[in-house]
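# Summary of the model geometry
Single-letter residue listing:
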Amino acid sequence: MTQKPVLWITRKLSDATLERASRDYDVIINHEDGLHTADEIIAMSAKVDAILPCHSEIFDASVTAKLDSRVKIIANHSVGVDHCDLNALAARGIVVTNTPDVLSDATADIAMLLMLGAARRAVEGDRLVRSGEWDFWSPAFMVGKQVSAARLGIIGMGRVGQVMAKRARGFDMDVHYYNRSRLAPDLEQGAVYHETVESLLGIADFLSLHCPATPETTGMMNTARFDLLPDGAVFVNTARGALVDEDALIAALDSGKVAAAGLDCFLTEPGGNPALSAYSNVFMLPHIGSATGETRNAMGFRALDNLDAFFAGNIPKDALTTV
Ligand code: DGY
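Let me begin by describing the structure that accompanies this report. (Residues numbered from 1 in each chain as written. Predicted model: local features only at pLDDT ≥ 70, side-chain atom pairs only at ≥ 80, totals over all residues. Heavy atoms only, no water.)

Ile155, Leu207, Leu209, Met221, Phe226, Phe235 and Leu249 are the most contacted members of the largest nonpolar core, which has 32 residues in total. Those elements giving two or more residues to this core turn out to be helix 9 (197–201), strand 9 (206–209), strand 10 (233–237), helix 11 (246–255) and strand 11 (258–263). Element by element, the count of residues in this core is highest for helix 11, at five residues. Counting 30 residues, the second largest nonpolar core, distinct from the first, contains Ala108, Ile154, Met157 and Val163. (Core = buried A, V, L, I, M, F, W, Y, C linked by side-chain atoms within 4.5 Å. Buried < 20%, exposed > 50% of the residue type's maximum accessible area, 1.4 Å probe, protein only. Helix = DSSP H or I, 4+ residues; strand = E, 2+ residues; numbered from the N terminus.)

Let's shift gears to the packing of aromatic side chains. Under the definition given, this model contains five aromatic pairs. Between Phe226 and Phe235 the ring centres are 5.2 Å apart and the planes differ by 80°, which places this aromatic pair in the edge-to-face class. For Phe226, a relative accessible area of 1% corresponds to the buried category. Through a chain of ring-to-ring contacts, three or more aromatic side chains come together here, namely Tyr25, Phe310 and Phe311. (Phe/Tyr/Trp six-rings, centres within 6.5 Å; stacked < 30°, edge-to-face > 60°.)

As a further point, take the sheet that holds strand 4 (residues 73–75). With mixed pairing, six strands are arranged side by side in an open sheet as 2-1-3-4-5-13. Across the chains shown, the open sheet's two edge strands, defined by having one partner strand only, are strand 2 (26–29) and strand 13 (319–321). Neighbour-to-neighbour, the strand axes of this sheet turn through a mean angle of 20°, independent of strand direction. Relative to strand 5 (residues 95–97), strand 4 runs parallel, the two sharing three bridges. Looking at the pairing, Ala75 lines up with Thr97 of strand 5. Contacting strand 1 (6–9) and strand 2, helix 1 (residues 15–24) runs over the sheet at an angle of about 140° to strand 2. (Pairing = 2+ DSSP bridges. Axes fitted to C-alpha atoms, helices over the stretch in contact; angles between N-to-C directions. Contact = heavy atoms within 4.5 Å.)

To continue, consider the sheet that holds strand 6 (residues 151–155). Across the sheet, which stays open at both edges, the seven strands sit in the order 8-7-6-9-10-11-12 with parallel pairing between neighbours. Looking along the sheet, the strands with just one partner apiece sit at the ends: strand 8 (192–194) and strand 12 (282–284). With strand direction ignored, the average angle separating the axes of adjacent strands in the sheet is 15°.

A cluster of nonpolar side chains, namely Val129, Trp134 and Trp137, defines an oily patch on the protein surface of about 410 Å² accessible area. Among the secondary structure elements, Val129 is positioned in helix 6 (residues 122–131). (Patch = residues over 30% accessible without salt bridge, like charges linked within 9 Å, V, L, I, M, F, W, Y side chains within 5 Å. Areas by Shrake-Rupley, 256 points an atom, 1.4 Å probe, with all protein chains shown as cover. Salt bridge = Lys/Arg side-chain N within 4 Å of Asp/Glu carboxyl O.)

On to the packing of helix 1 against helix 12 (residues 293–311), then. In contact at an axis separation of 8 Å, helix 1 and helix 12 are set at 20° when each is read in the N-to-C sense. As far as their axial angle goes, helix 12 and helix 1 are roughly parallel. The interaxial crossing formed by helix 1 with helix 12 has right-handed handedness. On the side of helix 1, the interface is formed by Ala16, Thr17, Arg20 and Ala21, while helix 12 contributes Arg296, Asn297, Gly300, Phe301, Leu304, Asp305 and Asp308. Across the contact of helix 1 with helix 12, the residue classes break down as four nonpolar, three polar and four charged. (Parallel < 35°, antiparallel > 145°, perpendicular 65-115°, else oblique. Left-handed = near helix turned anticlockwise from the far one by under 90°. Nonpolar A, V, L, I, M, F, W, Y, C, P; charged D, E, K, R; others polar.)

What follows deals with the state of the cysteines. The final tally for this structure, using the stated rule, is zero disulfides. The structure places no disulfide on Cys84, whose sulfur is separated from the nearest cysteine sulfur, that of Cys54, by 11 Å. Here Cys265 stays free of any disulfide, with the sulfur of Cys211 as its closest cysteine sulfur at 11 Å. (Disulfide = S-S within 2.5 Å.)

A separate point is the site of the ligand. Close to the ligand lie His55, Ser78, Val79, Gly80, Leu103, Arg240, His287, Ser290 and Met299, which account for all nearby residues. The contact in question runs from an oxygen atom of the ligand to an N or O atom on the side chain of Arg240, over 2.8 Å. For the ligand, the accessible surface in isolation is 230 Å², of which the surrounding protein chains cover 89%. For the shell around the ligand, the class distribution of residues is three nonpolar, five polar and one charged. (Near = heavy atom within 4 Å. Polar contact = N/O pair within 3.5 Å; in protein donor to acceptor, adjacent residues only side chain to side chain.)

Looking at helix 11, one finds that the buried residues are Glu246, Ala248, Leu249, Ile250, Ala252 and Leu253. Packing partners of the buried residues in helix 11 comprise helix 10 (223–228), strand 10, strand 11 and strand 12. The distance from a side-chain oxygen at the start of helix 11 to the backbone nitrogen of Asp247 is 3.0 Å, and the residue carrying that oxygen is Asp245.

The phi angle of most residues is negative, glycine excepted, and most peptide bonds adopt the trans form. For the bond from Glu269 to Pro270, the omega torsion is -5°, close enough to zero to count as cis. Within the secondary structure, Pro270 is located in the loop between strand 11 and strand 12. In this structure, Asp33 is a non-glycine residue whose phi angle is positive, near 70°. Within the fold, Asp33 resides in the loop between strand 2 and helix 2 (38–44). Classification of Asp33 as partly exposed rests on a relative accessible area of 27%. In this structure, Arg121 takes a positive phi of about 65° despite not being glycine. Looking at the secondary structure, you find Arg121 in the loop between helix 5 (104–119) and helix 6. Judged by relative accessible area, which is 25%, Arg121 ranks as partly exposed.

Limitation: the analysis is restricted to geometry and does not speak to function.
Shown next, in the form of structure tokens:
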């Protein structure tokens, strides 16, 4: 009988994923679900043929340089791969894959939740009722910003951005976008293309980020860019914390340039930014954009599909590096 490849699953994935993985691979599973240090990742690499990590495991250049040559593929359980140095991994001959498509719906749902919650003061309202301090009502009370028919700017019109646009059209929003390249009309669905981020920001009463974190996009929402937004804009980030200069966001909240924000991603994760906790006009979630049972299964299965293809001698569908 041929030996099954040894696969390290670095976190507690869905039961269905673990069951399928255990059937097809000789698995090492982190049932305790703790985070791993760089040294632990490097040590484990000598014992396995493949790694199925989440975005919580960092494969930067220094870790990658020390990975054992036994590891042939890193099949990520994430669409974002900013935790992987793709060039360094390719240079080591390691194939890297991700899980696009399958989390677009769930992530766009969370972006809508954050946008609505920020605009309609969900944090303040929830606190008021929950604390028992809700003892009055007035037409001037907790007035928020209307989402329907407002202008939404989307930065990054890839898979998640396009689903976000679809959701927003359901709210009669006027959708505008910036993307590195303009979409074909059937994908645009009437959304207005802006050739520069700056042009988009000028009209974005609501702004939602849906682009990956790369060296080019890191810190893209800085003071100068927040300043370009219309006064009282609502800012939403479900993509990556690295896209945002959080000090600049806080200054924009202080000045009223940004009236409210909805954030699922932070520069420091886990943990977030304690300075933002003081702002009841900031609706925050702990990076749960893709956290539904259905999506977790789909992500796990997509990662396993990529592994199966690789060990069958094929190029995995979601290969980001080929060797
Ligand atoms: C992703 O897939 O990139 C999500 O952020 C969860 O890791």
